[in-house]
Amino acid sequence: MAQASRFWDKMADTYARRPIADEEVYQIKLDTTRRYLRPEMSVFEFGCGTGGTALAHAPYVKHIEAIDFSENMLAFARAAANERGIDNVTFSNAEIAGYEAPAGSFDVVLGMSILHLLENKADVIAKVYRLLKPGGVFVSSTACVGDTMKVFKLFAPLGQRLGLLPQLDVMTTAELVASLRAAGFAVEHQWQPARDQAVFIVARRPADR
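Rules of the game
Residues numbered from 1 in each chain as written. Predicted model: local features only at pLDDT ≥ 70, side-chain atom pairs only at ≥ 80, totals over all residues. Heavy atoms only, no water. Helix = DSSP H or I, 4+ residues; strand = E, 2+ residues; numbered from the N terminus. Buried < 20%, exposed > 50% of the residue type's maximum accessible area, 1.4 Å probe, protein only. Lys, Arg positive; Asp, Glu negative; His and termini not counted. Salt bridge = Lys/Arg side-chain N within 4 Å of Asp/Glu carboxyl O. Polar contact = N/O pair within 3.5 Å; in protein donor to acceptor, adjacent residues only side chain to side chain. Contact = heavy atoms within 4.5 Å. Pairing = 2+ DSSP bridges. Axes fitted to C-alpha atoms, helices over the stretch in contact; angles between N-to-C directions. Expected span 1.5 Å × (residues − 1). Arc of directions from axis to C-beta. Phe/Tyr/Trp six-rings, centres within 6.5 Å; stacked < 30°, edge-to-face > 60°.

Colleague: What's the story with the side chain of E45 in this structure? I'm lost.
Modeller: As for its placement among the helices and strands, E45 is situated in strand β1 (residues 42-46). Buried and without a salt bridge, E45 has R84 as its closest oppositely charged side chain, separated by 11 Å. A distance of 3.5 Å separates a polar side-chain atom of E45 from the backbone nitrogen of A54. If sequence neighbours within four positions are ignored, E45 has contacts with T53, A54, E65, A66, I67, L110 and M112.

Colleague: What is the right way to look at the sheet that holds strand β2 (residues 63-68) in this model?
Modeller: Remark on secondary structure: sheet strands pair via backbone hydrogen bonds, oriented parallel or antiparallel. Strand order in this open sheet of seven strands is β3-β2-β1-β4-β5-β7-β6, and the pairing throughout is mixed. Each edge of the open sheet carries a strand with a single partner, namely β3 (89-93) and β6 (186-191). Taken over all neighbouring pairs, the strand axes of this sheet differ in orientation by 15 degrees on average, direction set aside. Relative to strand β5 (residues 132-142), strand β4 (residues 106-112) is paired through six bridges, and the arrangement is parallel. Considered in β5, the bridge of L110 is made with V139. Here helix α2 (residues 23-34) sits on the sheet and contacts β4, β5, β6 and β7 (199-204); the angle it forms with β6, its principal contact strand, is near 155 degrees.

Colleague: Just checking my understanding: could you explain helix α4 (residues 71-84) for this structure?
Modeller: Since the α-helix turns once every 3.6 residues, residues separated by three or four places project in the same direction. Helix length check: α4 (14 residues) gives 20 Å between terminal C-alpha atoms against 20 Å at 1.5 Å per residue, within 8%. Of the residues making up α4, those classed as buried are M73, L74, A77 and A81. Within α4, the buried residues cover an arc of 95 degrees as seen down the axis, which keeps them to one side. Exposed side chains of α4 directed beyond 90 degrees from the buried face belong to N82 and E83.

Colleague: It is not clear to me how the packing of aromatic side chains should be interpreted in this structure. Could you clarify?
Modeller: In this description, an aromatic ring pair is defined by two values, namely the gap between the centres and the angle between the planes. Scanning the entire structure with this criterion turns up six aromatic pairs. Relative to F185, the ring of F138 lies with its centre 6.0 Å away and its plane at 40 degrees, an arrangement referred to as tilted. You can see F138 sitting in strand β5 and its partner F185 sitting in the loop between α7 (173-183) and β6, a full 47 residues away along the chain. Judged by relative accessible area, F138 falls into the buried class, the value being 0%. Within the aromatic cluster, the residues linked to one another by ring pairs are F44, F46, Y99, F106, Y129, F138 and F185.

Colleague: Please clarify how unusual backbone geometry should be interpreted in this entry.
Modeller: Phi is positive for S113, which is not a glycine, with a value near 55 degrees. Along the polypeptide, S113 turns up in the loop between β4 and α5 (121-131).

Colleague: Which parts of the structure should I look at to understand the pairing of β1?
Modeller: Looking along a regular strand, one sees side chains alternate from face to face of the sheet. Burial within β1 is extensive, with four of its five residues counted as buried. Sheet topology note: the β1/β2 ladder contains five bridges and is parallel. Bridge pairing in β2 places S42 opposite H63. Looking at chain direction, β1 and β4 are connected through three bridges and run parallel. The partner of F44 across the bridge, within β4, is V109.

Below is the structure:
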């Protein structure tokens, strides 16, 4: 994880200045997520990066706890929150594998553009399930490059060792959905705007578990 933190710390300035690749798709994801948000809700986001999504959703919920393992990314997030006068988002330097909170702490968990950058998605998804209240939802957007660029399975490890690529799970959409269902989630919404774009999923923890 220390290597990943260093990689994203170095990328923070470039990442913060980079425009959103597809603004229309991003807005659809925001709008879809907001259908599940309520003013009394507590939300958790892991891998929040520079905080754009957390800050966009802040007006619609009570509080958002957002974490990232890059302190440089978080510096941009905190600056943006201060500039916009948003005080119901807490940004903390942490990674999901070591994050601890009581079971059932959150109504909604967000994992946007992060699952494919983690070493063990099954463990992370299981933790998300535990952190959610019964009936809560997990909203994710994930690059499933195993569907379109299977060659990455060969080149990703070398790129990671050379520091040219971050940790990358070359998963398929089917593998991602299977991991969610294995953890106990029911997939309520699944959308992929194009075959080479991220898969957007809303998965619910059943109310009776």
